[in-house]
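# Structure assessment
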Amino acid sequence: MPDLSALTKPAPPAAPGASSPCVPPRRVQPGWLRITHWLNVLAVIVMATSGWRIYNASPLFDFRFANGITLGGWLGGALRWHFAAMWLLAANGAVYLLMNVGSGRFGRRFFPLTARGVLRDALAALHGRLSHDDPRHYNQVQRAAYLFAVLDLALLVASGLAIWKPVQLGWLCMLFGGFQGARWVHFLAMTALGAFVAVHVAMVALVPRTLRTMITGR
């Protein structure tokens, strides 16, 4: 008779770190987060390129952006693109914040956050000792950077509204020191956002798995 003991013998335990082929990998980024993330990317690209065309009409410095990298074709067209992207950014940002706070994800992912923790993780990153094994966990440098981006985007929207409606929103315009002050704040906030995006893209290039999780969720 054939030996049937192998059929009844329990399977050996899986090796540490191995995943069962029958169990799908745990979701890292929920669907709503991925949708709002990519809508934010679209809105920021449109706002930046149309904003460069608007800047060229009345520059703050002795330089202008090349027309080939701007959007709108002319000042009126650039303004239309810019305001359309502004409303997308504001509405999408509100959904992002409400979902983050309502689901409890905001507290889990972005806190605790301390100056000492940011410095410690920054030094670890510079020495190549910062672990990226678990994409569900943000180190304190990431937490600080993402919180900065959220606050900077809010500042961009507020200063943009002050520039758009300096009379109707006079109180908001005055918070920025008047129309010209709002223009400076808007330009500097966009520059800061551009720096964040450059660093963010560089980090994604170093850890490509983070891009996959933002596309597939896993």
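All values derive from a computational prediction rather than experimental measurement. (Residues numbered from 1 in each chain as written. Predicted model: local features only at pLDDT ≥ 70, side-chain atom pairs only at ≥ 80, totals over all residues. Heavy atoms only, no water.)

## Remarks on the overall build of the protein chain
Helices and strands together make up the secondary structure of the protein chain, namely nine helices and zero strands. The N-to-C order of helical and strand elements in the protein chain reads α-α-α-α-α-α-α-α-α. When the 218 residues of the protein chain are sorted by exposure, 31% land in the buried category. Sequence-distant contacts, at least 24 apart, represent 66% of the contacts inside the protein chain between residues at least 6 apart. Surface accessibility of the protein chain: about 13800 Å² in total, with carbon and sulfur atoms responsible for 71%. (Helix = DSSP H or I, 4+ residues; strand = E, 2+ residues; numbered from the N terminus. Buried < 20%, exposed > 50% of the residue type's maximum accessible area, 1.4 Å probe, protein only. Contact = heavy atoms within 4.5 Å. Areas by Shrake-Rupley, 256 points an atom, 1.4 Å probe, with all protein chains shown as cover.)

## Thoughts on the UniProt feature "transmembrane region" (unreviewed entry) in the protein chain
Residues given the UniProt feature "transmembrane region" (unreviewed entry) here are residues 35-55, 81-99, 144-164 and 184-208. Along residues 144-164 one finds 100% helix and 0% strand; the C-alpha atoms at either end are 30 Å apart. With 92% helix and 0% strand, residues 184-208 has its two end C-alpha atoms placed 35 Å apart. (UniProt positions renumbered as here; feature names shortened; annotations may be inferred.)

## A look at the packing of aromatic side chains
Following the criterion strictly, the structure yields 11 aromatic pairs and no others. Here the aromatic rings of Phe-83 and Trp-164 are separated by 4.9 Å at their centres, their planes lie at 35°, and the arrangement is tilted. With a gap of 81 residues between them, Phe-83 in helix 3 (residues 75-103) and Trp-164 in helix 6 (residues 140-164) connect regions that are remote in the sequence. Looking at Phe-83, the relative accessible area reads 22%, which means it is partly exposed. Residue Trp-164 is classed as partly exposed on the basis of its relative accessible area of 31%. Grouped by ring-pair contacts, the aromatic residues Trp-52, Tyr-55, Phe-61, Phe-63, Phe-65, Trp-184 and Phe-187 constitute a single cluster. (Phe/Tyr/Trp six-rings, centres within 6.5 Å; stacked < 30°, edge-to-face > 60°.)

## A few points about helix 6
Here helix 6 spans 36 Å end to end across 25 residues, near enough to the 36 Å set by a 1.5 Å rise per residue. Those residues of helix 6 that sit buried are Gln-140, Arg-143, Leu-147, Ala-149, Asp-152, Leu-153, Leu-156, Val-157, Ser-159, Gly-160 and Ala-162. Those residues of helix 6 that are buried lie in contact with helix 2 (31-57), helix 3, helix 4 (105-110), helix 5 (115-126), helix 7 (170-175) and helix 8 (179-206). (Expected span 1.5 Å × (residues − 1).)

## Points about the environment of Phe-176
Along the chain, Phe-176 falls in the loop between helix 7 and helix 8. Classification of Phe-176 as buried rests on a relative accessible area of 17%.

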